[in-house]
Structures are given as C-alpha cells and as structure tokens.
Amino acid sequence: MSIRRTALETLTEITDKGAYANLTLKNALRGLEERDAKWASAAVYTTLDHLLYIDHVIAAYAKGSIKPQIRGILRLGVCQVLYMGVPDSAACNESVKLAKEIGKGALSGFVNGVMRNICRNKGELPPLPEDPVKRLSIKYSYPEYLVREYTGQYGAGFTEAMLSAMSEPGCMTVRAQYPYTSEQLEEALRERGTGYSRGNIVEDAFKIEKGFDVTKERLFTEGKITVQSESAMLVCRALEPRKGMRILDVCAAPGGKSAYIASMTKGGAVIDAWELHPHRAELMKRTFERLGVAANVKVMDGTVQHSELCGRYDAVLIDAPCSGLGVPGKPDARYAKTDAIIGEIADIQKKLLDACANYVKPGGVLLYATCTISKRENEGQVKAFMKRNGCFEKGELSGCLPRDMWKRPYEGYMLQLFPHTDGTEGFFLAKMIRR
C-alpha cells in the first residue's frame, strides 16, 4: 500500500466515520519507516486543520456530488498544493495514481481535471463569503455553530485572533518531577544546547524548541521530567496543595495533574486518582510508576455519589470531560462535536459537580477545570452550580497568578485562558471554597 493510500484511508476513517485522529493514525502508521509516517501524519492533520477551506476550494471546481473516496483524494491533493509545498505536477499525478490504486480508475480523469484546474487558478481562488460567521468558519475551518457562539460571546475581532492563534503549531512544554528540580532541568537543557523559554504563567514550565524527542530522552524515561501544558500546571497550583492534605483528582487520567500535585507537595499529600475507563486507569498507573508517584488509582464513576466519602477531602479537582475545543492540534475534535453533543457533555459536567462537591471538607477547595472556551461548559456551568449549592463561596485565584494577571480572573474565582492572549490552550478554571 502506498503512503498516500495510507493517508487517504486514515483521513476518510476520521472524516466519514468519526474515528479519533490520534488513535487511527497510530494504528495506520504502525510498522512504517519514520519518514513515511511523518509525511502521512502531516498530510492527514494538515488536511483536517484546513478542511472547510479545502472543501470551499473543491466546491468551486467540482460540481455535483462526489464519492467519499474521491473527495478524500481531492482533499489530500489540494492540501499538498496549498499547504505542504508539493509541486503542482506531482500533486496532480499522485492524485490520479491514487484514484487508480483504490480501483477508481474510471474517475481518474475527473480527479486530474479538478486538480489541474485548481492548480491553474491557485493565485485567484474563490473568495470567502461576506457574512462574518461564514467567512471565519471557512477561513479557519471551524463549524459555523461554534463561530456563531464565539462571536456572540467575544466579538468577531477577538474570535478571529483566537482562531488564528489556534491554527499555529504549539511547542512542547515539559516540567521537572520531584525530587528532580526546575533548576536541574534548566541546567540539563543548557548543557544539551536545547533552546527553551520559561512559562509566562507558571515558572516551572519549560517551552522547548524543535528537535527535542522527549520519548527518547533519558530525563523522560528515568522519570525526571514529563510533558505537561502550562495551563494544566496552573490548575494544580490553584488548588494550593500542601503536605498532609488529602486530595481527590476525579477525572485523573492520564495522571499529569496528580503527578504535579505529588511533586509540589514532595510526596507529602494523600492523592486518590479516579478514572472511569479501566484501560486509562492502567495508563495512569504506568505514568505514576515512571514518575515515582504514590497515588491511589481507582476505576470510579465520578457522576455517582458515594456517601461514605462526604467531607473526606481537603481539595477536590474536577478536570471535567469537555468538548476539548480549546486545544490546538486536535482539528478532528471540532468536526466530531455538534451543538447537541456539547449539550450532553455539559450534562455530565453538571453531574460531576453535584456528586463530588460533597466530598469537600468545610474550608476545603473545589476546583473545576476544562480545556475549552465555551461559556456553557465553563462560566455558565459554574454559576449554575453555585446557585444550586449554597454550601460554596467564591475562592481566590490571584495568588496563583503572576502579578500582571491579578486582574484577569472574573468575579475573583474564574479564569479563562486564550491562545492569542496567554500563549496557552483555551483553558478554564474556577475555584470554590466550602463554607
């Protein structure tokens, strides 16, 4: 099977059958040479990242209905021409060969005609719609309902800046795991000549420049460092964990936040880490084993309340399942989610808050977090909880933020991070204290 056919079959699994991009690619690329695997992965992710614009271009030159596999071939071909630097002739010829390879030789002339027409006119591609929502939707390849929601909440200019930043590739962020220190990690990076910058919000974060293969790095395999985003680290800092505390991480897999809490407390906190899915719980155990973290891993459904645990914890962290639409690098997520699906996710979030709030001791912390931007999953979710539950009052977030961000939390206890203003994912957190 050719590398382009591998990319095509992977792409159509994702776009037509709703498969997860990371898992599908992992299976499809198994056994391939590194160079081929990198090309196929780049082709699939780049096509997904620009999917709606690519379809906009194809629609201008290919009238009528198009069979799914032929549409996939055209999508990959246009992606190569517009975004991957593949010469026009090569992109056309390879698209034709791919049509023949999958048994669609009768349509190879159609593929050739559409591709060559697009290549001839790529300097004057079809204009974007004038309607601002439709324009941003196609330009940045975000579903219209999401763009409409974002522009309604933040305005068109803010939304465009945010979507533009989301399309930029992010850098890897790592941190040290106790007893290894940030100072030791910084020294090791300097000795290796590895470029880095410290976090803007959390100093423990090291943003690594290209050329650092973390999985082959001894610091990683020996459990001295781990990959974790700056915003995820901020969530843990907002808990203000200390030695002697009993802490519950409700939706804990893959375990990064529990591990950072353990590192911050130098192993002095009792950590219970829950996960709904057994295979993810096993993944978390392996993470803890590599990092030397002592935590009690349990397969538990956080939406079901366990009365024997009420008032048992000094702090409860709910890093809730969410639409994940604040995380760059996961373009398939925005196509797989619908308005109705986000509503279902919000219902799960409500159940998690209602079930787990009672586990917090009086004076203890309840921290709610998501990696998304939608107000109905974030601010709306938390405010509705506060109205339902009079046992909680607003916490204070400024203490975990750098001084220039002290005014950023709204109402003191909620914070929304954005890619274009903070250099992080679109991340939300809210801190509440039990009366």
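Residues numbered from 1 in each chain as written. Predicted model: local features only at pLDDT ≥ 70, side-chain atom pairs only at ≥ 80, totals over all residues. Heavy atoms only, no water.

K.L.:
Please provide a residue-by-residue account of the overall build of the protein chain, values included.
P.N.:
Of the regular secondary structure elements, the protein chain holds 19 helices and 12 strands. Against the globule reference of 22 Å for 435 residues, the protein chain gives a C-alpha radius of gyration of 24 Å, in line with a compact fold. Taken along its principal axes, the extent of the C-alpha atoms in the protein chain is 70 × 50 × 40 Å. Across the 435 residues that make up the protein chain, the buried fraction comes to 51%. Pairs at least 24 residues apart make up 70% of the contacts formed inside the protein chain by residues separated by at least 6 positions. Carbon together with sulfur atoms contributes 50% to the accessible area of the protein chain, which is approximately 19,900 Å² in total. Taking the 60 positively charged and 52 negatively charged side chains of the protein chain as two groups, their mean positions are separated by 2 Å. (Helix = DSSP H or I, 4+ residues; strand = E, 2+ residues; numbered from the N terminus. Rg over C-alpha atoms; globule rule 2.2 N^0.38 Å. Buried < 20%, exposed > 50% of the residue type's maximum accessible area, 1.4 Å probe, protein only. Contact = heavy atoms within 4.5 Å. Areas by Shrake-Rupley, 256 points an atom, 1.4 Å probe, with all protein chains shown as cover. Lys, Arg positive; Asp, Glu negative; His and termini not counted. Charge placed at Lys NZ, Arg CZ, Asp CG, Glu CD.)

K.L.:
Residues and numbers for the pattern of salt bridges, please.
P.N.:
In a structure, side chains of opposite charge can pair up when their charged atoms sit close to one another. Within this structure, the stated rule accounts for 37 salt bridges. Between Lys 122 and Asp 88 there is a salt bridge, and its shortest N-O distance comes to 2.9 Å. Note that Lys 122 is positioned in the loop between helix H7 (108-120) and helix H8 (132-140) and Asp 88 in helix H6 (residues 88-101), a separation of 34 residues in sequence. Judged by relative accessible area, which is 37%, Lys 122 ranks as partly exposed. Its salt-bridge partner being Arg 376, residue Glu 149 comes within 3.2 Å of it at the nearest N-O pair. Highlighted residues: Glu 149 in helix H9 (residues 144-154) and Arg 376 in the loop between strand S9 (360-370) and helix H18 (379-388), separated in sequence by 227 residues. Its relative accessible area of 28% is what places Arg 376 among the partly exposed residues. Taken together, the salt bridges that share partners define one network made up of Glu 379, Lys 383, Lys 394 and Glu 411. (Salt bridge = Lys/Arg side-chain N within 4 Å of Asp/Glu carboxyl O.)

K.L.:
Please provide a residue-by-residue account of the environment of Arg 290, values included.
P.N.:
Here Arg 290 lies in helix H15 (residues 278-291). Given a relative accessible area of 22%, Arg 290 falls into the partly exposed group. Remark: the alpha-carbon pair of Arg 290 and Glu 222, spanning 68 residues in sequence, is separated by 6.9 Å. Arg 290 has contacts with Phe 220, Thr 221, Glu 222, Gly 223, Ile 225 and Thr 226, leaving out every residue within four places of it along the chain. In terms of polar contacts, Arg 290 uses its side chain to reach the backbone carbonyl oxygen of Phe 220, at 2.7 Å. (Polar contact = N/O pair within 3.5 Å; in protein donor to acceptor, adjacent residues only side chain to side chain.)

K.L.:
Hey, could you go over helix H14 (residues 256-264) for me, with residue numbers and the actual values?
P.N.:
Counting buried positions over the nine residues of H14 gives seven, a clear majority of the element. Among the residues making up H14, those that are buried are Lys 257, Ser 258, Ala 259, Tyr 260, Ile 261, Ala 262 and Ser 263. At the exit of H14 stands Lys 266, carrying a positive phi of roughly 55 degrees.

K.L.:
Just give me the short version of the pairing of strand S6 (residues 270-275), but keep the residues and values in it.
P.N.:
Judged by how many residues are buried, S6 sits mostly within the fold: five of six residues are covered. Bridge analysis of strand S5 (residues 246-249) against S6 gives four bridges, and the strand direction is parallel. Its bridge partner lying in S6, Leu 248 is registered against Asp 272. The parallel pair S5 and S6, bridged by H14, forms a crossover whose chirality is right-handed. Bridging between S6 and strand S7 (residues 296-299) involves four bridges; their strand directions are parallel. (Pairing = 2+ DSSP bridges. Right-handed = clockwise from strand over helix to strand, strands pointing away.)

K.L.:
Break down the side chain of Lys 337 for me, citing the residues and quoting the values.
P.N.:
Tracing the backbone shows Lys 337 in the loop between helix H16 (331-336) and helix H17 (339-356). Leaving out residues up to four positions away in the same chain, Lys 337 has contacts with Tyr 145, Cys 322, Ser 323, Ile 342 and Ile 345.

K.L.:
Tell me about unusual backbone geometry, and please be specific about residues and values.
P.N.:
A cis amide bond links Tyr 178 to the next residue, Pro 179, at an omega of 10 degrees. Looking at the element boundaries, Pro 179 is found in the loop between strand S1 (172-176) and helix H11 (182-192). That bond from Ala 253 to Pro 254 is cis: its omega, 5 degrees, falls within 30 degrees of zero. Structurally, Pro 254 is set in the loop between S5 and H14. A positive phi angle is found at Glu 240, which is not glycine, with a value near 55 degrees. Backbone geometry at Glu 411 places phi at a positive 60 degrees, although glycine is not the residue there.

K.L.:
Let's hear about the pairing of strand S8 (residues 313-319): which residues, and what values?
P.N.:
In regular strands, side chains alternate between the two faces of the sheet. Among the seven residues of S8, six are classified as buried, and the element is accordingly described as predominantly covered. Strand direction decides the pairing type here: S5 and S8, joined by three bridges, are parallel. Opposite Ile 247, over in S8, you have Ala 315 as the bridge partner.

K.L.:
Describe H7, listing the residues and the values that go with them.
P.N.:
The end-to-end C-alpha distance of H7 is 18 Å, a good match for the 18 Å that 13 residues give at a rise of 1.5 Å each. Every buried residue of H7 is listed here: Ser 108, Val 111, Val 114, Met 115, Ile 118 and Cys 119. Buried residues in H7, looked at end-on, bunch into an arc of 135 degrees, giving them a common side. Where H7 is buried, its residues contact helix H4 (51-61), helix H5 (68-83) and H6. (Expected span 1.5 Å × (residues − 1). Arc of directions from axis to C-beta.)

K.L.:
Quick rundown of the environment of Phe 418? Include the residues and the values.
P.N.:
Turning to its location among the elements, Phe 418 is positioned in the loop between strand S11 (414-417) and helix H19 (419-422). Judged by its relative accessible area of 8%, Phe 418 falls in the buried class. When near neighbours in sequence (up to four residues on either side) are disregarded, Phe 418 contacts Tyr 154, Phe 158, Met 162, Ile 373, Arg 408, Gly 423, Thr 424 and Glu 425.

K.L.:
Hey, could you go over the packing of aromatic side chains for me, with residue numbers and the actual values?
P.N.:
Scanning the model with the defined rule gives seven aromatic pairs in all. With centroids separated by 5.8 Å and ring planes inclined at 75 degrees, the aromatic side chains of Trp 274 and Tyr 359 adopt a geometry described as edge-to-face. Highlighted residues: Trp 274 in strand S6 and Tyr 359 in the loop between H17 and S9, separated in sequence by 85 residues. Among the aromatic residues, those joined into a cluster by ring pairs are Tyr 154, Phe 158 and Phe 418. The lysine or arginine in question, Arg 290, covers the ring of Phe 220, its NZ or CZ lying 3.7 Å from the ring centre. Just above the ring of Tyr 142 sits the side chain of Arg 334; from NZ or CZ to the centre is 4.2 Å. (Phe/Tyr/Trp six-rings, centres within 6.5 Å; stacked < 30°, edge-to-face > 60°. Lys NZ or Arg CZ within 6 Å of the ring centre and 35° of its normal.)

Function cannot be read off these values alone, since they describe shape.
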